[in-house]
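This is what each chain is made of:
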Amino acid sequence: QVQVVESGGGLVQAGGSLRLSCAASGSIFSIDTMAWYRQGPGKQRELVATFISGRTTRYANFAKDRFTIYKDNAKNTVYLQMNSLKPEDTAVYYCNVQLYSGTFWGQGTQVTVSS
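For the structure given in this document, a descriptive report is provided here. From a predicted model like this one, the values you see are computed outputs, not experimental measurements. Per chain, residue numbering runs from 1 following the sequence as it is written. Totals for whole chains, interfaces and linings use every residue, but because this is a predicted model, local features are given only for residues with pLDDT of at least 70 and side-chain atom pairs only at 80 or more, for both listing and counting. Side-chain numbers come from the whole structure's heavy atoms, not from hydrogens or water.

## Let's talk about the overall build of the chain
Helix and strand definitions follow DSSP, with helices as H or I runs of at least four residues and strands as E runs of at least two, each counted in order from the N terminus. Looking only at helices and strands, the chain has 0 helices and 11 strands in total. Based on C-alpha atoms, the radius of gyration is set beside the globule rule, defined as 2.2 Å times the residue count to the power 0.38. Compactness check: the chain gives a C-alpha radius of gyration of 13 Å against a globular reference of 13 Å for 115 residues, within 12% of the reference. On the principal axes, the C-alpha backbone points of the chain span a range of 45 × 25 × 20 Å. Burial classification: accessible surface area is computed with a 1.4 Å probe over protein chains only, and a residue below 20% of its type maximum counts as buried, one above 50% as exposed, and the rest as partly exposed. Considering the chain as a whole, with its 115 residues, one finds that 42% of them fall into the buried category. Note on contacts: a residue pair qualifies if any of its non-hydrogen atoms lie within 4.5 Å across the two residues. Taking the intrachain contacts of the chain between residues at least 6 apart in sequence as the baseline, contacts between residues at least 24 apart amount to 53%. Total accessible area on the chain stands at roughly 6200 Å², and carbon and sulfur atoms take up 46% of it. All accessibility values rest on the Shrake-Rupley procedure with a 1.4 Å probe; residue burial counts only the protein chains present in the view.

## With respect to the environment of valine 4
Inspection of the secondary structure assignment puts valine 4 in strand β1 (residues 2-7). The class of valine 4 is buried, set by a relative accessible area of 8%. For the pair valine 4 and alanine 24, spaced 20 residues apart in sequence, the C-alpha to C-alpha distance is 4.6 Å. Leaving out residues up to four positions away in the same chain, valine 4 has contacts with Cys22, Ala23, Cys95, Val97, Phe104, Trp105, Gly106 and Gln107.

## Notes on the state of the cysteines
Two cysteine sulfur atoms form a disulfide, by the criterion used here, when they sit within 2.5 Å. All told, the structure shown has 1 disulfide when counted by the stated rule. Sulfur-sulfur distance for the disulfide between cysteine 22 and cysteine 95 comes to 2.0 Å. The disulfide joining cysteine 22 to cysteine 95 has a torsion of about -80° about its S-S bond and is therefore left-handed. Taken as a pair, cysteine 22 in strand β3 (residues 18-26) and cysteine 95 in strand β9 (residues 91-99) lie far apart in primary sequence, 73 residues in all. The same class applies to cysteine 22 and to cysteine 95, which are both buried.

## Concerning unusual backbone geometry
A positive phi angle, close to 75°, is found at aspartate 65, a residue other than glycine. Considering the arrangement of structural elements, one finds aspartate 65 in the loop between β6 (56-59) and β7 (67-72). In this model, asparagine 76 sits at a positive phi of 50°, which is unusual for a non-glycine residue. Looking at where asparagine 76 falls in the secondary structure, it is placed in the loop between β7 and β8 (77-82).

Pasting the structure below:
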């Protein structure tokens, strides 16, 4: 069993910042990839940022220069620091963890950016 728990969402004004956290626990030997996705109202789920094999990061174009993904390997926790938030960043943010045994999702955390 693997558990994925996100936290850190909330309501923030445009231009503000939030830091999301995602903790993975359970039957984990090693983590291949941890990633953040989001799904805005009426939109499909989209990739935000990825942390691959403990060292490589990739970002969606909208996230470059504003969002930073980083990982605490000791805690199997990945963070998403979001700066200069815009109303269009409003979405439910989901954490995705890819292991040898499969892919696991968290329940999501709501981020709302007011104008």
